[in-house]
Amino acid sequence: MIEKDSKEIFAGYFISISSLFPHCFGLRVRGGEFIRSIEMAHKVDHEYDYLFKIVLIGDSGVGKSNILSRFTRNEFCLESKSTIGVEFATRTLEIDGKTVKAQIWDTAGQERYRAITSAYYRGAVGALLVYDMTKTQTFDNVQRWLRELRDHADSNIVIMLAGNKSDLKHLRAVQEEDARVLAEKEGLSFLETSALEAFNIEKAFQTILTEIHHIISKKALVAQEAAKLTSIPGQGTTINVGDASGNWTKKSCCST
Ligand SMILES: Nc1nc2c(ncn2[C@@H]2O[C@H](COP(=O)(O)OP(=O)(O)O)[C@@H](O)[C@H]2O)c(=O)[nH]1
Ligand SMILES: [Mg+2]
């Protein structure tokens, strides 16, 4: 059911972007990729090993929606399109030889009113916490967003801090080193990104997804070892890669 919705949102979003925003570009920069993304939207369900929900958070205007459109459709939009709400967009990619479908959730501008509901965070196994490296205030608010994650998200959530708009070097207000120190202190991964130049966007999501995959692989291994110790020979074992809240979704058991 979720899959059907995602396709409808994906298609609707594409039409609105191309017809309403002539300032948006990137659609035909890589024609092959554009065609491929359309094909991917119509792929038969369940052609993946894992489905991971990732949430985008951070102050309004830092570039979350453009990071999402760059990653899922290779688009960038100069005009803010905060009035257009999209629940999530997806992209499927290979991680450690597994097919992973990333379901990335974007706010529809609720962050401006500090009104993101706990439903937004529910089931998320990864978060991209974005600040604007030309605006100190957005970096200062990172702590507030971390508190928000602590209050609403799973405690094992994988978090990456992203200093976006790295193309605006002459306007830099947040030093890379300061962000690196904060990330280390809080146990987060960190990258500077540019949705405009498509810099480190791919790497940011790859890093989050790989880290999540490593965590579930370890869990599966531990479960396997435990099962070996307790199972009666010849009866087979069951590997449960999910946690109590069912966050870690394996195709064969619980993604529909
Ligand atoms: N120069 C530059 N501008 C960006 C970048 N990412 C987003 N923007 C611009 O920043 C504004 C806000 O972006 P948006 O994605 O709507 O931010 P959101 O409110 O966090 O979703 C828009 O005018 C974008 O064009 C970037 O990497 N570089
Ligand atoms: Mg937005």
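Refer to the structure above for everything that follows.
Residues numbered from 1 in each chain as written. Chains lettered and ligands numbered in written order. Predicted model: local features only at pLDDT ≥ 70, side-chain atom pairs only at ≥ 80, totals over all residues. Heavy atoms only, no water.

1. Some words on unusual backbone geometry
- Unlike most non-glycine residues, Ala-198 shows phi in positive territory, near 55°.
- Within the element layout of this structure, Ala-198 appears in the loop between strand 8 (189–192) and helix 8 (201–230).
- In this structure, Asn-200 is a non-glycine residue whose phi angle is positive, near 65°.
- On the accessibility criterion, Asn-200 (17% relative accessible area) is buried. (Helix = DSSP H or I, 4+ residues; strand = E, 2+ residues; numbered from the N terminus. Buried < 20%, exposed > 50% of the residue type's maximum accessible area, 1.4 Å probe, protein only.)

2. What about the pattern of salt bridges?
- One pass over the structure, following the stated rule, counts nine salt bridges.
- As a salt-bridge pair, Lys-64 and Glu-111 come within 2.8 Å of each other at their nearest N and O atoms. In this pair, Lys-64 sits in helix 3 (residues 64–73) while Glu-111 sits in the loop between strand 5 (98–105) and helix 4 (118–121), placing the two residues 47 residues apart along the sequence. Comparing Lys-64 with Glu-111 shows no difference in burial state: the two are buried.
- Across the salt bridge formed by Lys-228 and Glu-225, the nearest N and O atoms sit 3.5 Å from each other. Note that Lys-228 and Glu-225 are positioned in helix 8 at a spacing of three residues, about one turn of the helix.
- According to the relative accessible area criterion, Lys-228 is exposed, its value standing at 56%.
- Through salt bridges with shared partners, a single network forms among Asp-132, Lys-135 and Lys-165. (Salt bridge = Lys/Arg side-chain N within 4 Å of Asp/Glu carboxyl O.)

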